[in-house]
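Structural overview
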Amino acid sequence: MVIKEEYYKNLPLLQSKKNYSFDTEVLDRIIDMFDYADAIKGFSPVFMRFDFPENTSIESVKRFLKYVKDEHTGKDRLFLYMYTEEFEEKEKYTHYHAFCVVNHREYSSAKAIENMLTHMWRHEQKKREDGKSLFFTRRDPTKRWNKTKDQNQFKRFNFYSLSTDVQAEPGDRELAFTAASYLAKTSQLPEKIPGQKKRHWNSSALKKLSPEEIRPGYDLQKAERFLKATPTP
């Protein structure tokens, strides 16, 4: 289903002069991923959005994300991701937007996540004739920032905690969802079949958790859809 709203399930969507519409299937998956990451014991989830260079192939995207995921083994080094495909009509190229969720205790800053992804991308970068890098949005594209006055906000845009624990700042989850909703916008959809447009996306598989893997204090009813079995009262 496609909607043109400012909020989805009480969470703010990205707004711009382009007046985006959004795919609710993608939005629902984003919420599932946020809730899943937030529920895991010993994991303080932090979000970052990034983009692949134009003309990156789907094979390259999948290979890169698998490589990064394989490097993060065990719950303490969990790497969750989602990507969507778009088509630039003017320049006639396909491109991919993505976000990842990693452990704040391992990656304490936006720069730390950027460095990790950039280092991992070099394997794919060597295979490109243009040698282009991943792109990280460092400021809200819908606002005009005074770089001196708003230096702190400028630096931390696109680096948000999803958790309700003590490391999270008020409003971070909402800001993360707003940034992630860019992947659900319905402009620039690839047209695979003439006259039929559909957003193409994929994400990490969310393996079922045991009740012991849920962090203390988390709402078990909210986590029920992620559990291997319904917890006993």
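As a starting point, this report considers the structure included with it. (Residues numbered from 1 in each chain as written. Predicted model: local features only at pLDDT ≥ 70, side-chain atom pairs only at ≥ 80, totals over all residues. Heavy atoms only, no water.)

1. Some remarks on the packing of aromatic side chains
For the record, the criterion: Two rings from Phe, Tyr or Trp (for Trp, the six-membered ring) form a pair when their centres sit within 6.5 Å of each other. Planes less than 30 degrees apart are called stacked, planes more than 60 degrees apart edge-to-face, and all others tilted. Each helix corresponds to a stretch of at least 4 residues labelled H or I by DSSP, and each strand to a stretch of at least 2 residues labelled E; elements are numbered beginning at the N terminus. Buried means the residue's accessible area, taken with a 1.4 Å probe over protein chains only, is under 20% of the maximum for its type, while exposed means over 50%, and partly exposed covers the values in between. In this scheme, the term charge over a ring applies when either NZ of a lysine or CZ of an arginine sits within 6 Å of the ring centre and within 35 degrees of the ring normal.
Summed over all chains, the structure comprises 13 aromatic pairs. A ring pair is formed by Tyr83 and Tyr96, whose centres lie 6.1 Å apart and whose planes are at 70°; its orientation type is edge-to-face. Placement of Tyr83 in strand 6 (residues 80-88) and of Tyr96 in strand 7 (residues 93-103) is noted, with a sequence separation of 13 residues between them. With a relative accessible area of 3%, Tyr96 lands in the buried category. If you follow Lys185 out to its NZ or CZ, it ends over the ring of Tyr182, 4.3 Å from the centre.

2. Overview of the nonpolar core
Quick reminder of the rule: In this description, a nonpolar core means a group of buried Ala, Val, Leu, Ile, Met, Phe, Trp, Tyr and Cys residues linked to one another through side-chain atoms lying within 4.5 Å.
Of all hydrophobic cores here, the largest spans 41 residues; its most connected members are Leu27, Ile30, Phe34, Phe47, Phe99 and Phe177. Looking at this core, the elements with two or more residues in it are helix 1 (24-39), strand 6, strand 7 and helix 5 (172-180). Among the nonpolar cores identified, the runner-up in size contains 25 residues, and Phe79, Tyr96, Tyr107 and Met116 belong to it.

3. Quick notes on the pattern of salt bridges
As a reminder of what qualifies: Basic side-chain nitrogens of Lys or Arg form a salt bridge, by our definition, when they fall within 4 Å of a carboxyl oxygen of Asp or Glu.
Applying the stated criterion across every chain yields a total of 17 salt bridges. Residues Asp35 and Arg225 are paired through a salt bridge, measuring 2.7 Å at the closest nitrogen-oxygen approach. Here Arg225 lies in the segment after helix 6 (220-223) and Asp35 lies in helix 1, a separation of 190 residues in the sequence. Looking at Asp35, the relative accessible area reads 6%, which means it is buried.

4. Looking at unusual backbone geometry
Even without being a glycine, Lys9 presents a positive backbone phi close to 50°. Assignment of secondary structure puts Lys9 in the loop between strand 2 (7-8) and strand 3 (11-12). Looking at Lys9, the relative accessible area reads 56%, which means it is exposed. Positioned with a positive phi, Asn55 is a non-glycine residue whose angle comes to about 65°. With respect to the element layout, Asn55 can be found in the loop between strand 5 (45-51) and helix 2 (58-71). Owing to a relative accessible area of 55%, Asn55 belongs among the exposed residues under this scheme.

5. Section: the packing of helix 1 against helix 5
Helices that pack against each other are described as a pair by the angle of their axes relative to one another and the distance between those axes. The test is simple: Axis angles are defined between N-to-C directions and span 0 to 180 degrees, where every axis is a line fitted to C-alpha atoms and, for a helix, only to the segment in contact. Crossing handedness: left-handed means the near helix sits turned counterclockwise from the far one by under a right angle, and right-handed means the same turn made clockwise. For this analysis, residues touch if any pair of their heavy atoms sits within 4.5 Å. Gly is placed with the polar residues, together with every amino acid not listed as nonpolar (Ala, Val, Leu, Ile, Met, Phe, Trp, Tyr, Cys and Pro) or charged (Asp, Glu, Lys and Arg).
Where helix 1 contacts helix 5, the axes come no closer than 11 Å and their chain directions differ by 145°. Judged by the sense of rotation from one axis to the other, the crossing of helix 1 with helix 5 is right-handed. For the pair helix 1 and helix 5, the contacting residues are Leu27, Ile30, Ile31, Phe34, Asp35 and Asp38 in the first and Arg173, Ala176, Phe177 and Ala180 in the second. Grouping the constituent residues of the contact of helix 1 with helix 5 by class yields 7 nonpolar, no polar and 3 charged.

6. A closer look at the packing of helix 2 against helix 3 (residues 110-125)
Under the convention used in this document: Angles are sorted into four bins: roughly parallel if under 35 degrees, roughly antiparallel if over 145, roughly perpendicular if 65 to 115, and oblique for all others.
Where helix 2 meets helix 3, the closest approach of the two axes is 10 Å, and the angle between their N-to-C directions is 130°. As summarised for this structure, helix 2 and helix 3 are arranged oblique, according to the angle between their axes. Our pair here, helix 2 against helix 3, has a crossing hand that is right-handed. On helix 3, the residues that touch Ser60, Arg63, Phe64, Tyr67, Val68 and Glu71 of helix 2 are Met116, Leu117, Met120, Trp121, His123 and Glu124.

7. Some thoughts on the pairing of strand 5
Our working definition: Should DSSP find at least two bridges between two strands, the strands are taken to pair.
Most of strand 5 sits out of view: 7 of its 7 residues are buried. Burial of the side chains of strand 5 extends over both faces: Pro45, Phe47, Arg49 and Asp51 are buried on one face and Val46, Met48 and Phe50 on the other. Direction of pairing for strand 5 relative to strand 8 (residues 160-161): antiparallel, over a ladder of 2 bridges. If you follow Val46 over to strand 8, its bridge partner there is Ser161.

8. Some words on helix 2
The α-helix advances 3.6 residues per turn, and as a result positions three or four apart in sequence lie on the same side. In plain terms, the rule: Expected span of a helix: the number of residues minus one, times 1.5 Å. This arc describes the spread of directions from the helix axis toward the C-beta atoms.
Its 14 residues place the ends of helix 2 20 Å apart at the C-alpha level, agreeing with the 20 Å of an ideal helix rising 1.5 Å per residue. All of the buried residues in helix 2 are Ser60, Val61, Phe64, Leu65 and Val68. Angularly, the buried residues of helix 2 cover 125° about the axis, an arc narrow enough to put them on a single face. Among the exposed residues of helix 2, those oriented more than 90 degrees off its buried face are Glu59 and Lys66.

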